Structure formats: structure tokens, C-alpha cells
Amino acid sequence: MAVTSSPLQEARAQVLGNHNELSLVALEYRRATEPPGNEKCELRHLQVRCPLQHALITGITGQDGSYLAELLLSKGYEVHGVIRRASTFNTGRIDHIYVDPHTPQARLFLHYGDLSTGSRLIDLIYSIRPDEVYNLGAQSHVMVSFENPEYTGDITALGTTRLLDAIHRSGVTTRFYQASSSEMFGSAPPPQNEQTPFHPRSPYGAAKVYAYWVAINYREAYGMFCSNGVLFNHESPRRGPTFVTRKITRAIAHILAGKQDKLYLGNLEAKRDWGYAPEYVESMWQMLQRERPDDYVVGTGKSHTIREFVTEAFEYAGLDWGKHVSVDDRYKRPAEVDFLLADSKKAERELGWKPRVSFRELVRIMVDGDMESLGLTSPGEGARLLREKFGAWHQWNNCVSDNLKAAEGALLG
């Protein structure tokens, strides 16, 4: 027997098919009889609200987590973030988008938790019941992983297992994104793609290899939607100040402001494939919109040495880097990764993802951001580039200036 649906059901199904944006439609279901026995249905103005997509982000206070939260909010999601309890403020990257949860329009909610505690992760999965989970939390500093390898393994590797197992045991159907890293390739010859064997050269890289494979294991063993994004280096004004790119651009601003004179770096010849972080979080979301889970390498396909980054950044600021930069062997890794270069043809073909910001443009955005953070007048290329290359969700005022002001307020508080 064929099952038929009313015009109201068909219209409602069509409206609710769009899960990525909050939308309202006007519908009315009116039943009339003319002549007797012949029913009519008309659609006019019954209010129907589409259900919000719920996303859970670990590492929401980091560079990638903050941009991802902004992107998902712009798409109408309700966003939940896991943060660690600390006696000092650690939410500077998201303070400019945070709204008091008592506000009826609030769609960003923060929860205390940690990847070291499986029971808390189960509680969060049960209570939030997310449609999408983005696991960005990790101890992600490579040099620190040599100094603290046990903690790195516990959070970066086993933390992923705890989160995946919490999802599995809860029975909640969700899509899972695992933030993998180009550091997993290590000494594997470039270019590196989805078929390149891993050869990590740090405890961090090794921990990420474990997390990558455990995500695939849960996908194959339990039929879970788990995708790995093997993202190559991606930077921005929100990059942590101890990461080399931000260390360089921050030092330039401090030199211009008379607060610093020397910058000490390690290996200047290491080559990296550097891109702009906001573009990379777009690829994370795209992976979870696919019909089937899969793994993707994401990068620009162009590699530059740290020396080139230094030269480009100092010249843009009108400085002679030779007068300010010195090499200190203490900043060299015990085992170096010499050459990373992404082959992202699969991501371009299947996700439609391509980088829009070049290496030269990335440097300008970061230098401008750090100059502005100290109240200096920047050349202004950063704001122009964002206007040209991004939509409303990512512009200089709402994603750089406002963020810098919020971070400054947190420090003063």
C-alpha cells in the first residue's frame, strides 16, 4: 500500500531539510470541504522553526577552535565548547563572540571538561547530543612534546580514544572530525598526500598518528562517521605566541614599539607549507558534510623556509632582519622535520577546497595584526585582503580587531 503525505507534510519536510541554517517559514494548513467529501489543503502561515544543528568543539579556546566557532555560528549552529578550568582567563580568542547564556539568543555555550577525563566526556555527549563533534583539543606544541612526552600522549593520543569511546558508548549518532597534523609525516619525502607513509619525528607527531588510526578504527569497527583532516601548518594573528610564525610577527611589532631588540630562533632552513587558518576550518566543516567519512590532506602545495618567512615579514615592516635575528641552538628540535609540502588534490576534487590566501598575504595579515595589537599603525594590507577574499563571517573588524580588543581586556582584568 502506497503511503501518501499531505501538502503540509511535504512542505515541512522540504523546509526541515535545511539543517545548516536557522530559518523560519510561514505555512498554514486549512482544511475545507467543498463539496462535501472533497477536502482541500492550503499552505499559508503556520510558523515552523528548523532545528538547530548542535556542534561540540574541544580546543575551542585555541586558534582553530575560535575560528571554527565563528564559522559555525555564522551558519546557524548552536555551538558548545569544552574548556579547562583555570585560575586565569583563557578565553581571549572567543570573548568577542561570547554571549551571556541567559540571553535568549545565545548560541555559544562553554562547558568545563578535559580530554583526560572520560566520564566527563560521556556526560557532555549525553547532555548536548551533538550532531557534529570537532576534536581540536591537544598538547600541540612540538618542542614542548619533547619536554613533556607523557602528557602529550595522554591528551593528544588517549584523549581522542576517550572522546570516541564516549560517543560510541552513549549511542548518540554524530559526525566526528579528528584534527590530524602534517607532523605525522615527519621525514617522509615530499610532497605528502593521503597515501604517504607516516614517519613522525616528535612525541607530538607520534601521538597524532595514534589518534589518526584510532579514529579510523572506530569508523571501521563501529560504523561511526569519523573523518581525519591532515592539516598542514596554518597560521593567523591568533596563533600562539610561542609558535615560530607568530613569534616572528609579534617580535616585529615589539621592535617597532621599542619594547624588544633581538629575536632568537632555531633552524632557519626548515621548510613548511603555511596557509591561513580560517580557510582550514572551512575544510573541517566541509568534511563533515560529505555523504561518507574519509581522510583528507589540506595545504597550499607551496613550501617556504623559516628564513623566507623572516625576510618577508621584516621587509614588509620596513626592518632589516639581519640586525635583529640570531640563531640559538636551544630552539632546535632533537629530531628535525626538514620539508613538508602538501598534495591536496583529493580535497580540491572532493571538497572543492582551495587556498585563497598566499604565503606573502598570510605574512602581511599577521604583521598587521600584531602591530595593531600594540596600538601601532599598520600598512593595512590585512584588512584589504580579508575584504577581497572572505565573506561576512571573517572580516578584519569582527575577527581581528574585536578579538585583539577582547584579549587585551582579558589581560587587564
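Above this text you will find the structure in question.
Keep in mind that what you see is a predicted model, and the values were worked out from it rather than measured. (Residues numbered from 1 in each chain as written. Predicted model: local features only at pLDDT ≥ 70, side-chain atom pairs only at ≥ 80, totals over all residues. Heavy atoms only, no water.)

**Q** In this structure, what is going on with the layout of surface pockets? I would like to understand it.
**A** Here the idea is plain: a probe the size of a water molecule rolls over the atoms and shows the empty space left. Quantified by volume, the second largest pocket comes out at close to 230 Å³. Lining the second largest pocket we find Asp 131, Ile 167, His 168, Gly 171, Val 172, Thr 173, Thr 174, Arg 175, Tyr 222, Gly 223, Met 224 and Phe 225. Here the residues of the lining of the second largest pocket are counted per class, giving five nonpolar, five polar and two charged. (1 Å grid on protein atoms, 1.4 Å probe; cavity = no way out; pocket = protein on both sides within 12 Å on 5 of 7 lines; lining within 4 Å. Points joined across faces, edges and corners; volume = space filled by probe spheres on them. Nonpolar A, V, L, I, M, F, W, Y, C, P; charged D, E, K, R; others polar.)

**Q** I tried to follow unusual backbone geometry on my own but got confused; where do I start?
**A** For residues that are not glycine, phi is negative in most cases, and the peptide bond is trans in most cases. A cis amide bond links Pro 190 to the next residue, Pro 191, at an omega of -5°. Inspection of the secondary structure assignment puts Pro 191 in the loop between strand E9 (175–181) and helix H6 (203–222). The backbone of Arg 129 sits at a positive phi, close to 50°, despite the residue not being glycine. Within the element layout of this structure, Arg 129 appears in the loop between helix H3 (118–128) and strand E8 (132–135). Accessibility expressed as a relative area gives 48% for Arg 129, which makes it partly exposed. (Helix = DSSP H or I, 4+ residues; strand = E, 2+ residues; numbered from the N terminus. Buried < 20%, exposed > 50% of the residue type's maximum accessible area, 1.4 Å probe, protein only.)

**Q** Would you take a moment to explain the packing of aromatic side chains for this structure?
**A** Working definition: an aromatic ring pair is given by the centre-to-centre distance plus the angle between the planes. Inspection of every chain in the model, using the stated rule, returns 11 aromatic pairs. Ring centres of Tyr 280 and Trp 353 lie 5.3 Å apart, and the angle between their planes is 70°; on these two criteria the pair is classed as edge-to-face. With Tyr 280 in helix H8 (residues 277–288) and Trp 353 in the loop between helix H10 (345–351) and helix H11 (359–373), this residue pair connects regions lying 73 residues apart in the sequence. The buried category is assigned to Trp 353, whose relative accessible area is 4%. (Phe/Tyr/Trp six-rings, centres within 6.5 Å; stacked < 30°, edge-to-face > 60°.)

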